[in-house]
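A look at the structure
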Amino acid sequence: MDLNGRTALVTGGSRGIGRAIVRRLAEAGARVVFTYRDDRAAADEVVGRFEGTVAVRADQADLASLEPMFAPVRDGLDILVNNAGIGPATPIAELTAEEFDRVMTVNAKFPLLAMREAATLLRDGGRIVNISTLNTVLPAPGLALYCGSKAALEQFTAVAARELGARGITVNTVTPGATDTDMLRGANPAETLAQATTLTALGRLGQPEDIAAVVAYLVGPDAQWITGQNIRATGGLLV
Ligand code: NAP
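The text that follows walks through the structure, step by step, so that each part is easy to find.

The rules behind these values
Residues numbered from 1 in each chain as written. Predicted model: local features only at pLDDT ≥ 70, side-chain atom pairs only at ≥ 80, totals over all residues. Heavy atoms only, no water. Helix = DSSP H or I, 4+ residues; strand = E, 2+ residues; numbered from the N terminus. Rg over C-alpha atoms; globule rule 2.2 N^0.38 Å. Buried < 20%, exposed > 50% of the residue type's maximum accessible area, 1.4 Å probe, protein only. Contact = heavy atoms within 4.5 Å. Areas by Shrake-Rupley, 256 points an atom, 1.4 Å probe, with all protein chains shown as cover. Near = heavy atom within 4 Å. Polar contact = N/O pair within 3.5 Å; in protein donor to acceptor, adjacent residues only side chain to side chain. Lys, Arg positive; Asp, Glu negative; His and termini not counted. Salt bridge = Lys/Arg side-chain N within 4 Å of Asp/Glu carboxyl O. 1 Å grid on protein atoms, 1.4 Å probe; cavity = no way out; pocket = protein on both sides within 12 Å on 5 of 7 lines; lining within 4 Å. Points joined across faces, edges and corners; volume = space filled by probe spheres on them. Nonpolar A, V, L, I, M, F, W, Y, C, P; charged D, E, K, R; others polar. Arc of directions from axis to C-beta. Pairing = 2+ DSSP bridges. Axes fitted to C-alpha atoms, helices over the stretch in contact; angles between N-to-C directions.

Attention shifts here to the overall build of the protein chain. Scanning the protein chain from N- to C-terminus turns up eight helices and seven strands. Computed over C-alpha atoms, the radius of gyration of the protein chain comes to 17 Å, within 12% of the 18 Å expected from 2.2 N^0.38 for 239 residues, which places it in the range of a compact globule. The principal-axis extents of the C-alpha atoms in the protein chain amount to approximately 45 × 40 × 40 Å. By residue count, 49% of the 239 residues in the protein chain fall in the buried class. In the protein chain, the proportion of contacts linking residues at least 24 apart, taken out of those at least 6 apart, comes to 71%. Accessible area of the protein chain: about 11200 Å², with a carbon and sulfur share of 53%.

Here's what the structure looks like:
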């Protein structure tokens, strides 16, 4: 796939799935601007390793981060990947209004406003990919805000596909299954990971590269007829 001459913006590109997406797009020749929140060293490592990448600090809990995030792509954008997300586990009985606002802002409001910016910046034929979670169809205790915010993101994706299609812009959701990242390992004990592996048809945890491959396909020319879809890249965790 050749993305030479294309500009991509990827949120949460310093680690995990986002880092693998940055790598795939950069290796295909795209100029890739990506965000990170805290881990400057990880972001610097990505910039040093993958040619054509630029790191911008942006905390999605703070809408003021939209401005610096879009500053390097004001001259034109071809691809937006809303990847960054958080999944704190809190039982509904213990939820606070503040946590509702924080998770909904990071996972849904900020990505929606990023799509708003992209709607005017994207060149015709552009691409938006939003990363959701299988938890929107396999809910788990403690994940009310995670499931709710990602379900909202899936709906924003579908509506954006209808709104932007006339310009040849595709908008899709990619849903990872259990994927081996800091987020997965931080949120789950070893037994849960073993159980997820057993339940996955292909018999292993996903790797960030498995998800990046699907995103790379969707942002490439061969996926021009796919829009408004939710592609479940889960290795068959839900069949
Ligand atoms: P991860 O390993 O925790 O990496 C998260 C990335 O997002 C990092 O680059 C981090 O930056 C950035 N980030 C976190 N909070 C942010 C904020 N408030 N503002 C801006 N950036 C922020 O996560 P991951 O597992 O790769 O997950 C990526 C996406 O896939 C998420 O949307 C997640 O919900 C989804 N997902 C993951 C799995 C899984 O099994 N891993 C499954 C389904 C869906 P720093 O490096 O600075 O911290």
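Right, let's talk about the site of the ligand for a bit. Near the ligand, the surroundings consist of 31 residues, among which S14, D38, N83, Y146 and T181 are the closest. Contacts to the ligand include D39, whose backbone N or O atom sits 2.7 Å from an oxygen atom. At 2.5 Å, a side-chain N or O of T181 approaches an oxygen atom of the ligand. Considering the ligand on its own, with 900 Å² of exposed area, one finds that the protein chains cover 95% of that surface.

Let us look at the side chain of E99. Structurally, E99 can be placed in helix α4 (residues 97-121). Of the buried charged residues, E99 lacks a salt bridge, with R102 as the closest side chain of opposite charge at 4.1 Å. A distance of 3.0 Å separates a polar atom in the side chain of E99 from a polar atom in the side chain of T90. Once residues within four sequence positions are removed from consideration, E99 is found in contact with P88, T90 and L145.

Moving on, we get to empty space enclosed by the protein. Leftover empty space is mapped by rolling, across the atoms, a probe with the size of a water molecule. This structure, assessed with the given rule, holds one cavity of 30 Å³ or more. Along the walls of the largest cavity sit T11, Q60, N82, N83, A84, N107, P111, K150 and L153, which together make up its complete lining. Looking at the lining of the largest cavity residue by residue, the class counts come to three nonpolar, five polar and one charged.

Below, the discussion takes up helix α2 (residues 40-49). Among all positions of α2, only A42, A43 and V46 are buried. Looking straight down α2, one finds that the buried residues subtend no more than 100° of arc, so they occupy a single side. Seen from the open side of α2, the exposed residues pointing more than 90 degrees away from its buried face are R40, A41 and G48. Residues of α2 that are buried in the fold lie against α1 (16-27), β2 (31-36) and β3 (53-57).

Taken together, the seven strands give an open sheet; going across it, the order is β3-β2-β1-β4-β5-β6-β7, and neighbouring strands pair in parallel fashion. Each having just a single partner strand, β3 and β7 (230-233) make up the two edges of the open sheet. On average, adjacent strands in this sheet sit at an angle of 20° to one another, irrespective of strand direction. As paired elements, strand β6 (residues 170-176) and β7 share four bridges and run parallel to each other. Directly across from V174, in β7, lies its bridge partner I231. Relative to strand β4 (residues 77-82), α4 is tilted by about 170°, and along the sheet it contacts β4, β5 (122-131) and β6. Helix α5 (residues 144-164) contacts β5, β6 and β7 of the sheet and is inclined by roughly 155° relative to β6.

A few words on the pattern of salt bridges. Evaluated as defined, the whole model comprises 15 salt bridges. Of the charged contacts in the structure, one is a salt bridge between R23 and E27, with a shortest N-O distance of 3.0 Å. With R23 and E27 both in helix α1, this residue pair falls four residues apart, about one helical turn. By relative accessible area, R23 is classed as partly exposed at 36%. Between R116 and E117 there is a salt bridge, with its nearest N and O atoms 3.2 Å apart. Given a relative accessible area of 49%, R116 falls into the partly exposed group. Each of E67, R74, R116 and E117 takes part in a single network of salt bridges with overlapping partners.

Purely geometric stuff here, so don't read any function into it on its own.
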